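What follows is each chain in one-letter form.
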Amino acid sequence: MNANESVHESSTLRDLLEEIVDEVSPSLGYSAAVKRRAAMLRRRRRTRRLLASVTTVCLLSVGGTALHIRLDELDGQDDTAAAATDGPFLSWDPTGNRARDANLLQQALRIWDNADTGPHGAVHPLLLDDENALGPVIVVEGRSRTGEPRLAFITASADNKEALSLRVDRPAPDPVTTRTISLVTPWMQSDGSLATSSWAVALSAPGADRVTITSTAVDEQEIGDNDGQGHRHQISFLPLSATALTCTVTTYWSHGTATGQPASGGTVRDVQPVAATVRETSDSSVKAQVNGANTAVAPGQFVAISDGLLGRVRSVSGGTLEIQPVTAASSVVSSRTSLSNIHGNLRGSGSGITFTDISDKDQDQVLVGNRVEVIDPAETDPRVGAITVGRISDRSSSGAGMEVQPTATVKPGSVVYVLTPPASRNG
Amino acid sequence: MDQESEAAFEEFVRASYSRLLRLAYLLCADRGHAEDVVQTTLAKMALAWPRLLRSTGADHYAQRVLVNTVTTRRRRLWRGETPTADVDAVGDGDPYHQLDQRDALRRALAALPARQRTAVVLRHYADLSEYQAAELMGCSVGTVKSLTSRGLHKLRECLDMVDEPQRIVLTK
């Protein structure tokens, strides 16, 4: 039998593949090489965590000179000078390996001008790049035909690097306070359908050294190195469980500070989070006020923050929401562990959560530290998006359920997001 | 990692390195890249090891990390993967074009688009079900079916041309 005939039969194909790999054997010293690489990853992770999580001021005095390294709170005041603004526009210098490519810009503008807001005037490119895993990515600002300042993300498609599509056309952000803009979405095929990964595009103001994108719904081991490549933009992909809600864009500024900023979504198929401000909290309920008018919010919808799931909408009345926290005594949420994918229910106990109803055969698979997550029912595809609820903190009483340490906590004044389905968006 | 965990991890590396290397070789079609991918995979495993230690899912987890690492690498280097030369230009220099079965299949496999290669290897070498392969590749079962079917079809096509090796287009 020749090889051609053999591929018709799976077992023989397997045998041939086995023969091919028979000649592949580990090189000498592989164990030490793995150890060295693990040590390097550990060092990198430590450095990244240090930069990303330090909330205190480190002061180093050398010869009377002090160097401040500070991580600014989200939305907090900071000492990073915003670029000089030009009216309603960001007007940052264009960046990317094709920043001066007029042809690529024209190509993108032709697509943007065909949108409802076109044709556009006073156009200013912010990012023109094709030296990345996605292909050409163009971020541009300009005035719509009605004179409104707009910002657009036009990108290649995950299934076709030649096919540029308008992903988002949104109002231009406040030029004084904005220092980072982003788009995170899995809807990146040429026809706007679901890609096999979520894609993230982030761009920071001049003065940034490096930009990284992380998600609280993704374990670090699941992704490649999204360390940034010394640019003030980052274009990378993440597992489908990452959505804008759970992603944070971290910018490392040249003068030693780092800032974190929630990522943005906004394609027509993305879940649209409706922002609400927490007014009061107790063990059994959280009350919040929807920011602006919105009729898309309904009982049963999930309420979350970037760190994780807070609970579900219990009732809505005149823009005021009552939220049942996941820790409330009667709360039950169907959930699963990340990676090991063990299903169960998260039951609130009044002050905490337990992971229960796990089948006997799966009990041993659930370990302390495992992340427990839920799929957002607002998503139109079950493969998209996940929201962390907490991590297993104690499994000693596995018969009665394992203790889970929730990751989301809020206080009066916190902004939370109600996850409404794309079709029911309003306002 | 404490001493006990470290010993268990070393044991895991010893037990799984060859298997992962073989899978990576079929997925990357390059020995050097395969070594690199496996070492990165195991280094990532080392970081997660304390919580994987008592899990029976370490093998599955390693496979998942490996496929993701291969995908990351491929996407990063997408410019490097372009159809270029015929077999003679990049081949091992068999002057008589007497390719044996193994060599012909290896070349045909290397010529497949990466996702088709991944689907064929996961289904027909790693013995994963369509559902498991879909989960690993982050796509639907239907996509795995069509990728596998197209991959096998192309393998047959390429192998039809074993006697005319100059017509086989490889990627490098």
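Residues numbered from 1 in each chain as written. Chains lettered and ligands numbered in written order. Predicted model: local features only at pLDDT ≥ 70, side-chain atom pairs only at ≥ 80, totals over all residues. Heavy atoms only, no water.

A few points about the overall build of chain A
Note the threshold: For helices the rule is a DSSP run of H or I covering at least 4 residues; for strands it is a run of E covering at least 2, with both sets numbered from the N terminus onward. To sort residues, take the accessible area from a 1.4 Å probe on protein chains only and compare it with the maximum for the residue type: under 20% means buried, over 50% means exposed, and anything in between is partly exposed. Every residue pair with non-hydrogen atoms within 4.5 Å of one another is taken to be in contact. The Shrake-Rupley method, run with a 1.4 Å probe, gives the accessible areas here. Residue values count only the displayed protein chains as cover.
Helix and strand counts for chain A come out as four helices and 25 strands. Counting the 427 residues in chain A, one finds 51% classified as buried. Within chain A, contacts between residues separated by at least 24 positions form 58% of all contacts whose residues are at least 6 apart in sequence. Surface summary for chain A: the accessible area is close to 18700 Å², and the carbon and sulfur share equals 49%.

Section: the overall build of chain B
Of regular secondary structure, chain B possesses eight helices and two strands. Taken from the N to the C terminus, the helices and strands of chain B come in the order α-α-α-β-α-α-α-α-α-β. Per-residue burial for chain B yields a buried fraction of 51% across its 172 residues. Sequence-distant contacts in chain B: of pairs separated by 6 or more residues, those separated by 24 or more amount to 66%. Only carbon and sulfur atoms are counted for the fraction: they give 48% of the accessible area of chain B, which is about 7900 Å².

Thoughts on the pattern of salt bridges
Keep this limit in mind: Should a side-chain nitrogen of Lys or Arg be within 4 Å of a carboxyl oxygen of Asp or Glu, the pair is scored as a salt bridge.
In this structure the tally under the stated criterion is 18 salt bridges over all chains. Close ionic contact of B:Arg19 with B:Asp59 constitutes a salt bridge, the shortest N to O distance being 3.3 Å. Here B:Arg19, found in helix α1 (residues 3–28), pairs with B:Asp59, found in helix α3 (residues 58–76); they are 40 residues apart in sequence, far enough to count as distant. Its relative accessible area of 34% is what places B:Arg19 among the partly exposed residues. When salt bridges with common partners are traced through the structure, they connect A:Arg14, A:Glu18 and B:Asp127 into a single cluster.

Some thoughts on unusual backbone geometry
A cis geometry characterises the amide bond from A:Gly118 onward to A:Pro119, with omega recorded as -5°. Relative to the helices and strands, A:Pro119 resides in the loop between α4 (102–113) and β4 (121–129). A positive phi angle, close to 50°, is found at A:Ala122, a residue other than glycine. On the secondary structure map, A:Ala122 appears in strand β4. Located in the positive-phi region is B:Asp127, a residue other than glycine, with phi close to 60°.

Points about the sheet that holds strand β11 (residues 233–238) of chain A
Residue and element names in this part refer to chain A. Worth spelling out the cut-off: A pair of strands is considered paired only if DSSP assigns at least 2 bridges between the two. The convention used is that axes are lines fitted to C-alpha atoms, helices contributing only their stretch in contact, and that angles between N-to-C directions extend from 0 to 180 degrees.
Taking strand neighbours across the sheet as the criterion, the three strands line up as β8-β9-β11 in an open arrangement whose pairing is antiparallel. Among the strands making up the open sheet, the edge pair consists of β8 (180–185) and β11. Pairs of neighbouring strands in the sheet enclose a mean axial angle of 10°, with direction left out of account. In this sheet, β11 lies alongside strand β9 (residues 198–204) in antiparallel orientation, the contact comprising six bridges. When the sheet's bridge partners are listed, Trp 199 is paired in β11 with Phe 237.

Section: helix α2 (residues 31–52) of chain B
Two residues of an α-helix separated by three or four positions point the same way, owing to the 3.6 residues in each turn. Residues and elements named next belong to chain B. Spelled out, the test is: Two axes enter the bend calculation: one fitted to the seven residues ending at the residue in question, the other to the seven starting there, and the bend is the angle between them. Any N or O atom pair separated by 3.5 Å or less is treated as a polar contact, with the protein-specific requirement of one donor-capable and one acceptor-capable atom, and with residues adjacent in sequence counted only for side-chain atom pairs.
Maximal helix bending in α2 amounts to about 45°, located at Ala 46; proline Pro 50 follows within four positions. Summarising burial for α2: 17 of the 22 residues are buried, a large majority. Looking at where α2 begins, the residue whose side-chain oxygen comes 2.9 Å from the main-chain nitrogen of Gly 32 is Asp 30.

Focus on the sheet that holds strand β6 (residues 149–157) of chain A
For sheets, the rule is that strands pair by backbone hydrogen bonds, running either parallel or antiparallel. All names here are of chain A. Reading across from one edge, β4-β5-β6-β7 is the order of the four strands in this open sheet, with antiparallel pairing throughout. Among the strands making up the open sheet, the edge pair consists of β4 and β7 (160–171). Each neighbouring strand pair of the sheet contributes to a mean axis angle of 20°, computed without reference to strand direction.

Here's the deal with the packing of α1(B) against α2(B)
Residues and elements named next belong to chain B. The following threshold applies: Left-handed is the label given to a crossing in which the near helix is rotated counterclockwise from the far helix by less than a right angle, and right-handed is the label when the rotation is clockwise. Residue classes follow a fixed rule: Ala, Val, Leu, Ile, Met, Phe, Trp, Tyr, Cys and Pro count as nonpolar, while Asp, Glu, Lys and Arg count as charged, and any other residue, Gly among them, counts as polar.
Running from N to C, α1 and α2 point in directions that differ by 145°, and their axes come no closer than 8 Å. Here α1 runs over α2; the crossing is right-handed. When α1 is examined against α2, the residues Ser 5, Ala 8, Phe 9, Phe 12, Val 13, Ser 16, Tyr 17, Leu 20, Leu 21, Ala 24, Tyr 25 and Cys 28 are found in contact with a partner set consisting of Arg 31, His 33, Ala 34, Glu 35, Val 37, Val 38, Gln 39, Leu 42, Met 45, Ala 46 and Trp 49. Residues of the contact of α1 with α2, tallied by class, amount to 17 nonpolar, four polar and two charged.

A closer look at helix α6 (residues 114–124) of chain B
Of all 11 residues in α6(B), nine are buried, a share of seventy percent or more. Buried within α6(B) we find B:Ala114, B:Gln116, B:Arg117, B:Thr118, B:Ala119, B:Val120, B:Val121, B:Leu122 and B:His124.

Re the packing of aromatic side chains
For any two aromatic rings, the description comes down to two numbers: the centre-to-centre distance and the angle of the planes. As a reminder, the rule being used: Note on aromatic contacts: the rings of Phe and Tyr and the six-membered ring of Trp form a pair at centre separations within 6.5 Å, being stacked when their planes are under 30 degrees apart, edge-to-face when over 60 apart, and tilted otherwise. Only lysine NZ and arginine CZ atoms are considered, and such an atom sits over a ring when it is within 6 Å of the ring centre and within 35 degrees of the ring normal.
Inspection of the entire model under this criterion finds three aromatic pairs over all chains. Geometrically, the ring pair formed by B:Phe12 and B:Trp49 is tilted, given 5.1 Å between the ring centres and 40° between the ring planes. Note that B:Phe12 is positioned in helix α1 and B:Trp49 in helix α2, a separation of 37 residues in sequence. B:Phe12 gets classed as buried once you look at its relative accessible area, which sits at 10%. Aromatic rings pair up to connect B:Phe9, B:Phe12 and B:Trp49 into one cluster. For A:Arg210, the ring lying beneath its charged end belongs to A:Tyr252, and the centroid distance is 4.3 Å.

Re the pairing of strand β25 (residues 415–420) of chain A
On any regular strand, side chains alternate: one points to one face of the sheet, the next to the other face. With six bridges connecting them, strand β14 (residues 272–281) of chain A and β25(A) associate as antiparallel partners. Looking across to β25(A), one finds that A:Ala275 is bridged to A:Tyr417.

Concerning the nonpolar core
What counts, and what does not: Take the buried Ala, Val, Leu, Ile, Met, Phe, Trp, Tyr and Cys residues and link them wherever side-chain atoms come within 4.5 Å; each set so joined is a nonpolar core.
Core analysis: the largest hydrophobic core is formed by 62 residues, its most contacted members being B:Leu42, B:Met45, B:Leu66 and B:Leu122. For this core, the leading source of residues is α1(B), giving 12 residues. A:Val137, A:Ile181, A:Val201 and A:Trp253 belong to the second-largest nonpolar core, a separate cluster that totals 24 residues.

Things to note about the side chain of A:Asn132
Residue and element names in this part refer to chain A. Take Asn 132: it is sitting in the loop between β4 and β5 (137–143). By relative accessible area, Asn 132 is classed as buried at 10%. One polar contact links the side chain of Asn 132 to the main-chain amide nitrogen of Gly 135, over a distance of 2.9 Å.

What about the environment of A:Gly390?
Checked against the element boundaries, A:Gly390 lands in strand β23 (residues 387–394). If we ignore the near neighbours within four places in the chain, the residues touching A:Gly390 are A:Asn370, A:Arg371, A:Val372, A:Val404, A:Gln405, A:Pro406 and A:Thr407.

Some details on the confidence of the model for chain A
In plain terms, the rule: Per residue, pLDDT measures the predictor's confidence, with a range of 0 to 100.
For chain A, per-residue confidence averages 81 on the pLDDT scale, and residues scoring 70 or more make up 84% of the total. For residues 55–85 of chain A, every residue scores under 50 in pLDDT, and the model assigns this stretch 51 contacts once sequence neighbours within four places are set aside.

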